[in-house]
Every structure is written in structure tokens, then in C-alpha cells.
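# Architecture and fold: a report
Residue-level listing of the chains:
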Amino acid sequence: MTQLKDRLFSQIKKHPAITTLITFYLIYLLSAGLILPYVLKQKLPEWLAPYPELQASVEDVRFNPFLLRLSIDGLHVDELKGTDTSKLIGLKQITANLQLSSIFHQALVLSELTIDTPYARVTKAQDEGFIWDAWLPAKPTTEQQTDVEPAEASQPFPVMIDAFNFNKATVDFEDFSRKTPFKKHIGPMDLALTNLSTLPNDEGNYQLTIVLPQTDLPQGDQTAEFHWQGNIGIHPFFSEGRLELNQLAVRTLWDYIQDEVYYEPLNGALAVSFDYQLLTKDTLDLVLNNGRIKLSNLALAGKGETEAVVELTSQEINGLFFDLQSKQVSIDQTKTSGLSVAAERLSDGSIKLAKLFAERPVQEKVKKQVKQETQQEKDWQVTVSEILLEDSDLALQDSTTTPPVQLNLDQMTAKIEDLTLTDTPANFSVSFVSHRPSQPEQQSHLKLEGDFVIPSKEVNLQLDLKDFPVAMIQPYLTPLTELSIDNILFDLNGQARLKNDHVSFDGSTQLREIKLTNQAHSQAILAGEGLYFEGIHLNQAQKSLKIDEILLDRLLLPVTIMSRDESGALTNFSDLVKSNASDTPEKHQDSETGATSAPESTSTSESTSTSESTAEEEWLVEIGKVSIRDNQLQFSDRGIKEPVYFNIEKLNGVIDQLSSKQLSKADIRLAGEVNGYAPFRVTGKINPLSEQAYTNVEVSMSDIALSTFSPYSSHFMNYPLTQGKLSTDLVYKLNQSELVADNKLFIDQLELGNYVESDAGLGLPLPLAISLLQTNSGEIDINLPIKGNLKDPDFKYGQVVINALLNIITKAITSPFQLIANLAGSDADLSNLEFLAGTSELAPDSQNKITELVTALKKRESLKLSVMGQTDGADSTTFKALAWRRFVDQQGITVDYQNPRYQALLAKHSGQALPQDPIKTQALEQSVIEQQALASNQLAALAQERAVKARRLLVDAGLSEKRIFIKASALEQTTQSSSNAVGIKLEVK
């Protein structure tokens, strides 16, 4: 041993280089094994925490000079907060194996770099800055940036690492800048990189796996996993590979954005995977390919609520391609399954789902920058090959009405093919079943098919809607009207188009199973099979609406008078418009002040301009045919003591060629039956769609039983109608607003019942009027011409007709002999016969009256004639004159005004002086005659003789004696007749 030692030292002495090498080696061992760990342990805390707010520590540093392995244990950097400390970064151990090949590569070459259990805390403060911002160099101002010349890009420090590993890394992320502070623990994460290099154009294959625990979820704790595998080049930066994210709970994302949304997820998981290429040589170039995004089992509810308003079984996006440089996005398929949405319009008019994301204020500077950048960017090219919606439903509710309107859309399916932002049409189809929650058995079906072009906003749509319940809109009508839609089923089928902001439609629509009522009075308004519109051709661009045919099929229109008062009749159509639904100007609320104001009134010139513009843009409306099949008008009047019922049944017909053209006239032909037996007809021409309305129609009804209207006759005229038939021929001519009507009524075999008491009765002698108007064959012809202007507010056609009819009856009653004279073709007054004064001899002028009277009464055999003998002052004067002359004759004196004897006789009987001339003699004679006395029955006898004489003359002229009655005489002794003829009075009954 001693010899070996001596030999070794001997060789060292002979070779000084070995001595030097051994010395350096020993120094290396001492420095690297002892001094370097000591220095690093002392200096690392200073290097890692150069600020007083930081505190760093290292538990141990080791370096194996033989294996060139450096190990650092327990490295921690803490943030000092007063006397407390808070972990900032740290790790359990870092191990680096240095390679001697670093000398040859002129780079730091590590065979392995392993960081075990690293930890970091990332905190964002309330001012939206990170905690390390205060320890970083301040960013230069804009002026400083302008003054400093741009430096050339520095080359990264050359490093080559054969294997770089992160083991069980964790991160605590905190964000106190949000209204609700966000805290999340991320990890443990494992990262494995091979052949990592910062040398130019070097790249390596790597992989990263992050396990993200997700706790405090409504559905329980879950674990999400992020996996990346690919390669990275440092200079220039380049990376490609594949990213996969699985089972990330939507709740985890929501925890960070919860202040921006009104809803919170009850459930839901997100999975994302794609291949990518990223290059930052000159410009950023990112390409994603084979992308897949899947959202499953999503459930969203309002914050603090447990009932979901949005539920989703699955939402998949497959075949995603994204190219940032060429601005292209394409998707092979997006598929939505099991979507269930509850959409509600709140009482304030807002949409609940529209508040899913809260609006956040954006700085004006940022807005302008985004706007400028957007203007400079070229358009993106987006293509989606297929969009699918399956097995979904939508629950709609409008809470602005009372009760709320509810509609469920079930079995929703949709498909869109070849969706792009170009002019290439995208095909689509949609179908669903809808129903109201209160009536799930009443379902409607909607199917849509067609195509659309997004840039030009063009849509071609084939739609088919069946059995839609119109009654669901009732809550919208209730505040405005008493009209109640008890039932209407709506069908719509056709082709709709939208082009250049104009709509066109070709198809048909139907309103079936109609039932409308006035809910204020619980009275029906309209009911029946349906209203059909066939061949609808709507063209908004041409302002044209054409309909081939409108069919009114088996509709029942009831018109009911429920009561009457001084203001008029109350019908089933009364009070349809609610009084609180008047035209009140809508008030607008200022969004800043909250003040309300009515809209400004439009000036006269603006109104005139609008009116003229409207006139220039009138629509052309044409209806080829309106068919009426088995309709019924049902009239009832319960406003009088005994109700009246009147029906027009089996109403059929057609109206041809209706048009809004001014000179167009449509033919109308209608036929039906009154009460199931009396024919009803309407023929003529009309033009109701034109501004200048035109009507020329004839309405006829035949053989309607008058007993139908007997309650009216009893109520208003005090006599029931026990028998008779009514036929009418009505002609109506309307030109613009001027109405000329000719109403011809024919009444056959009318008979009245006994008088009845009625408070509304007019008290007219209706039997007399009937006898005057009715012919011997029991017929009555009445002609009622009517004229008026429909724009006159005082013109009411029905009331005018009634008044005209009452005038005829009243005239017949009050002036019967005028009507009788008309029957004889005479204008003479046949109400009296005149006799010579003091005699029963008929005056010459009354000879023809006998003939005319008999002629007329033969035409009215139901009339009876009453004759009342009369006398007056002329008869008295005549009788006294005759008595005086007989006395003078008995005295043998000649009546001569110049005869002295006659003058003496007058003076004697008058007790006056003897007259001196003939004039005074004549006056004295009149005085003496007036003093003569009459026999007590002389005038009565004359009156009776005249009545008997009149009856005889009438009988001789052909009038039946049974129809003539003599009434008690009327004597008048004080009235002096102005003529030598005295009349007798005639009456009819």
C-alpha cells in the first residue's frame, strides 16, 4: 500500500498537468457540491423576492457534481400582509440533470427537468389589476414609445431539454374585480414535454393532462379533464396538436360569469376537442380542424330558483373547421336534442329569456376601436352543412294579459342544410305540435319547408298549419271588447315569399268550427261550420290582394233584441266595445327622467300629406267569388212581452267578381227560406269594396205568415195579427252615399184579433185602417219610397221605413174619405153630402158624390157608412122666411118693397117707423123674419129627412142597405150658412 502511494505521488510530480487537473477537480467538487448549494440557498430568496412585500424561502439545495443533478427542495414565495403571510408560488422539489453536451451544442442541455408539486396563486384585484403588476416595470407612455426606436427582436436563450415534467401542479385563481368574488382551485395537473428546445426551427412532441376537481355542484362532485398532445417550436413560435376537454361542468364556468347572467345552471357538462395549428412568424395564424363541441344535460334556472327554464339533453357541433388567416368557419353538423325552453313575457313587457346575459358597460374608447377594426376587417366565410333540432319543446307564456296566454310547442324538429353567408340558398324544414296546457287534447300542427338567403334577406316558405286554436288570443281581446272567441280552428296552407322587404303569399286559409259570443250578455254572435278563403294571392310589392273564392259554409248569425228602453234596443251586438278601450293617445316614458308625455299631434299639412300619400298607395282587392252555402239568419226579439222569432234558412247563393276598382260591379244572387217555407231572394249588383259604394239590388220575400209578427202588432198597435201573408219587393239603389229605395209590400187576407192593452200601444183604430187599405179580395198594396244620405247621422233606414208605414196608417185613419176618393179616382171631399137649405133636396154638386162614394165603397166591402143628418142656420132662416110669406099671403098682400100695404105690415110687426125706400123696407123685412118662431121639431125632422134621403140615394146607386147606418141628427140653429146648401156628415167604420 505504501509502495502504491509512493508510486502515485511520484507520477504526479513527474506530470504537473495531472496535478492541476486533480486540483481543479477537487475545487469543482468543493464548489459544486458545497459552495454552489450554499450560495443558491442564500441568494435564491433574494432573487425571487426583491420587493419588501414578498418573502421567499428555500428548504434545501443539493447538487451532485458527479451526476450533474441539481435539486431544490421547498421553494416558496409568499406575500406579506402585515404580520400575515399568504402563499404566492411554491414547489416541493425541482430537479434538473445537466448534460456535458451543453458544451458542444452551445446551449443549456438538460436530460431532465422535473418540477414536483408546483403551486401558484393568481389574484386579480378589485381594480382589475393582478397582484404582480406593482412589481413589474412600468409600461412606457405613448410619448416614450414614440421617442424610443424599436429594438430588434432578441433571440431566446438556447435551451434543450430532453424531458420536461410538471407533476401534480395546482393553481388557485382568485378574481376580486367581479361583483361576486371568484375563487377556483385548479389541479392537480401533469405536463410531460420531450425534446423541448428554444433553438431556431426546433420542435418537440409533448403532452399535458390537467385534472380539474369540481366540487359544490348541484349534481355532486365531478372531475373534468384537460388533455393536450402535440409539438411546440419556440423560435419562431409554432405549435400543432390536439386539445381535449371532457366533462367540464357548466357550473364551473358560471361561477366566473354569474354576475353577467340572470340564470344559473342546475346541471350540464361541456366537452371540447379539436386539432390545431398555431404559427406566429409574421402574423398570427390559427387553424382548427376536426373540432367537436358537446353540451349535455344542461339545465338553466333563475338565480335562486330550482325549476329549470331551459333544459337540453344534448347539443353537438361536429366537424368544426376554423382558419383565422383566411377567415373561414365551417361546420359539418350541429345537432340539438331534447331542448326544452320555458319562455315568458313578464308583466312589464320584457322577455324573461332576453335577460340571460346582463349588459356590461363598455368604455367608449374600446367601442370606437372595435368599430374601426370591424370596418377594416373583411367578411368571414361561414358554412354550416347541417343544423338539426330533434325532440324539443317550447313553453310560451305571456303574463301581460289576464289570464296569461300559454302555448306549448311539442315534438319540435328542424333541419337546415347548406347554411352560408353567401347568396347560396339554405334549405330548411320545421315541424311541431302545439297545444294549450289547459286543453292538451286539442293539438295543432305546423310544418314549414323552404329556403332562405341571409345577405339578401330572401325567404321562400311552404307552410302548412292545421287546427290552430284562435281562442288562445282571447286574453288580448278582453281589455278591448266583450267579444269572446269560444272556439275557432285556423288552418293556413300556401307558399310565402320575402324579397326586397316585401311579402307575397299564395295559398288558402280556413276558419272552422266557429263560435263567438258577447260575454257581456252571454249571447251568441256567430257560429257555424266555417269560413274558407281559397286561392289567396297577396303581393305587397304590387299592392294587390286577390282571392279566388270565399265560402261561407253553414254559418248561423243570430240577431237578438234582449230588451228595450227609451235609449233604444239592447241587442247581442250591443256593448261589444268596452268603454275603457276608447282611443286614448299612448303615452311615452322618458328613459332618463321617467316622465310621461302624450305623443305630439300631427300638423294639418302633415295629415293632408299622409292622406294624399295613402290615396296614391291604395291596394287593389279582387274576390272572384263569394259562395254562401246553407247559412242561416236567426232573429229573435225578447224585448217585448211576447217574443218574436224570425229565421232566414237555407240561404245559398253567390256574389261574383268583387273588386275595389271604381267601375267594377259584382253580381249577387241569393236565395233562401223564411221560417222554412217562404221564399227569399236577393238579386242585383253591388260594389262594396270601392270607395264610391254602389248598390242596385232587389230583395223579395213571398207568403210570410203575418202571425209571425203578431207580438209586434199587439205590443205597438194593440191588435194581434191572427191571419194573413206578407210578400215584399224591395229595391235599393245606392250611389256613393245617396240611397233611393222602393219598398213594395203586399198583404193578403189580413185579420186582426181582439184589442189588447199595451203600454207601448199607439191607440190607433187599426181595424179601420185595415178596412180602408184592404181590397174586397183581402189584399193590401203599400208602396214606401225612401230617400236619404247614409252619411247623415240622423238618417236611420229602419226608423224611416217604420215612420213611413205609420204615416200611411195614420193618414188612413185621420183622412179616410181622401183614401176613399182616391179609390174612385176623385179629388172631391166625400165626407159630406150637401142639401138645399130648408129642404131634403140634394144639391146639384152632390149628385156625383153619391156615385163616387158608392163606387169606392164597393171596393172596400168591409167598410160601413154612417149617415148623420144635420141642419144649420141657413135652414132656420129658410123656414122663418117661408112662414112669413105664408102669413103675408093670408093677409092678401103682395110682397113688394114699394107696396105701401106691405111696408105698413112690416112696420106693424116690427114696431118701427114706416120705411121710406125699398132698401130700408128689405132690411126691415129681414128683421121681421128673424123674429118668426119655428115649430119645435121642424129642424129635427128636416135632419132626419135628409139622412133618410141620403140612404135612399146611396141604396139606389147600388150600395147595400146593410152597410148604411143612420146616426142621431145634429141640429145647429145659431150658425148662418154662407150658401144655400147645407151638408150632412158621413163616417166610415
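Computed from a predicted structure; not experimentally measured.

Criteria and cut-off values
- Residues numbered from 1 in each chain as written.
- Predicted model: local features only at pLDDT ≥ 70, side-chain atom pairs only at ≥ 80, totals over all residues.
- Heavy atoms only, no water.
- Helix = DSSP H or I, 4+ residues; strand = E, 2+ residues; numbered from the N terminus.
- Buried < 20%, exposed > 50% of the residue type's maximum accessible area, 1.4 Å probe, protein only.
- Areas by Shrake-Rupley, 256 points an atom, 1.4 Å probe, with all protein chains shown as cover.
- Phe/Tyr/Trp six-rings, centres within 6.5 Å; stacked < 30°, edge-to-face > 60°.
- Lys NZ or Arg CZ within 6 Å of the ring centre and 35° of its normal.
- Axes fitted to C-alpha atoms, helices over the stretch in contact; angles between N-to-C directions.
- Parallel < 35°, antiparallel > 145°, perpendicular 65-115°, else oblique.
- Contact = heavy atoms within 4.5 Å.
- Nonpolar A, V, L, I, M, F, W, Y, C, P; charged D, E, K, R; others polar.
- Polar contact = N/O pair within 3.5 Å; in protein donor to acceptor, adjacent residues only side chain to side chain.
- Core = buried A, V, L, I, M, F, W, Y, C linked by side-chain atoms within 4.5 Å.
- Pairing = 2+ DSSP bridges.
- Salt bridge = Lys/Arg side-chain N within 4 Å of Asp/Glu carboxyl O.

## Describing the overall build of the chain
The secondary structure content of the chain amounts to 17 helices and 40 strands. Burial statistics for the chain: of 989 residues in total, 37% are counted as buried. Of the accessible surface of the chain, which amounts to about 57000 Å², a share of 54% is contributed by carbon and sulfur atoms.

## Looking at the packing of aromatic side chains
The way to describe two aromatic rings as a pair is by their centre distance and the angle between their planes. Inspection of the entire model under this criterion finds 6 aromatic pairs. Summarising the aromatic geometry, the rings of Phe428 and Phe452 are spaced 5.7 Å apart at their centres and angled 50° between planes, so their arrangement reads as tilted. Highlighted residues: Phe428 in strand E19 (residues 426–436) and Phe452 in strand E20 (residues 439–453), separated in sequence by 24 residues. Accessibility expressed as a relative area gives 13% for Phe428, which makes it buried. Owing to a relative accessible area of 17%, Phe452 belongs among the buried residues under this scheme. Summarising the aromatic geometry, the rings of Trp884 and Phe887 are spaced 5.7 Å apart at their centres and angled 35° between planes, so their arrangement reads as tilted. In this pair, Trp884 and Phe887 both sit in helix H14 (residues 873–890), 3 residues apart, roughly one turn of the helix. Taking relative accessible area as the criterion, Trp884 reaches 0% and is therefore assigned buried. Exposure remark for Phe887: the relative accessible area of 24% places this residue in the partly exposed category. The positively charged end of Lys665 is found above the aromatic ring belonging to Tyr694, 4.7 Å away from the centroid.

## Describing the packing of helix H12 (residues 816–823) against helix H13 (residues 847–858)
For any two helices packed against each other, one specifies the crossing angle of their axes together with the interaxial distance. Where H12 meets H13, the closest approach of the two axes is 8 Å, and the angle between their N-to-C directions is 90°. One finds that H12 runs roughly perpendicular with respect to H13. Residues Phe817, Ile820 and Leu823 of H12 lie in contact with H13, whose contacting residues are Leu853, Ala856 and Leu857. Here the residues of the contact of H12 with H13 are counted per class, giving 6 nonpolar, no polar and no charged.

## Points about helix H15 (residues 900–910)
Residues three or four positions apart in an α-helix share a direction because the helix packs 3.6 residues into each turn. Among all positions in H15, only Tyr902, Gln903, Leu905, Leu906, Ala907 and Ser910 are buried. Packed against the buried residues of H15 are H14 and helix H16 (918–930). Sitting at the amino-terminal end of H15 is Asn899, which places a side-chain oxygen 3.1 Å from the backbone nitrogen of Arg901. Backbone geometry just after H15 places Gly911 at a positive phi near 75°.

## Side note on the nonpolar core
Within the largest apolar cluster, 153 residues are counted, with the highest numbers of intra-cluster contacts made by Ile820, Leu853, Leu865 and Leu954. Aside from chain neighbours lying at most four places away, what touches Leu865 is Phe817, Leu853, Leu857, Leu954, Leu959, Arg963, Ile964, Phe965, Leu986, Glu987 and Val988. Residues Val888, Tyr902, Leu906 and Val928 belong to the second largest nonpolar core, which totals 9 residues.

## Quick word on the pairing of E20
In this sheet, E20 lies alongside E19 in antiparallel orientation, the contact comprising 11 bridges. Directly across from Val430, in E20, lies its bridge partner Leu448. Where E19 folds back on E20, the antiparallel hairpin that results is connected by 2 residues. One ladder, built from 9 bridges, connects E20 with strand E21 (residues 458–469); its direction is antiparallel. Its bridge partner lying in E21, His445 is registered against Lys466. Hairpin geometry of E20 and E21 is characterised by an intervening segment of 4 residues between the two adjacent antiparallel strands and by a positive phi of about 55° at Lys457.

## Thoughts on the side chain of Ser392
Within the secondary structure, Ser392 is located in strand E17 (residues 381–398). Residue Ser392 is classed as buried on the basis of its relative accessible area of 2%. Aside from chain neighbours lying at most four places away, what touches Ser392 is Ser337, Gly338, Leu339, Leu409, Asp410, Gln411 and Met412.

## Looking at the pattern of salt bridges
For the structure shown, the criterion picks out 27 salt bridges. Residues Arg512 and Glu513 are paired through a salt bridge, measuring 3.9 Å at the closest nitrogen-oxygen approach. The class of Arg512 is buried, set by a relative accessible area of 16%. Across the pair Lys949 and Glu841 runs a salt bridge whose closest N-O atoms are separated by 3.8 Å. Of this pair, Lys949 sits in helix H17 (residues 938–956) while Glu841 sits in the loop between strand E37 (832–836) and H13, and the two are 108 residues apart along the sequence. The exposure class assigned to Lys949 is buried, which follows from its relative accessible area of 14%. A residue is classified by how much of its surface remains accessible, and Glu841, at 43% relative accessible area, is partly exposed.

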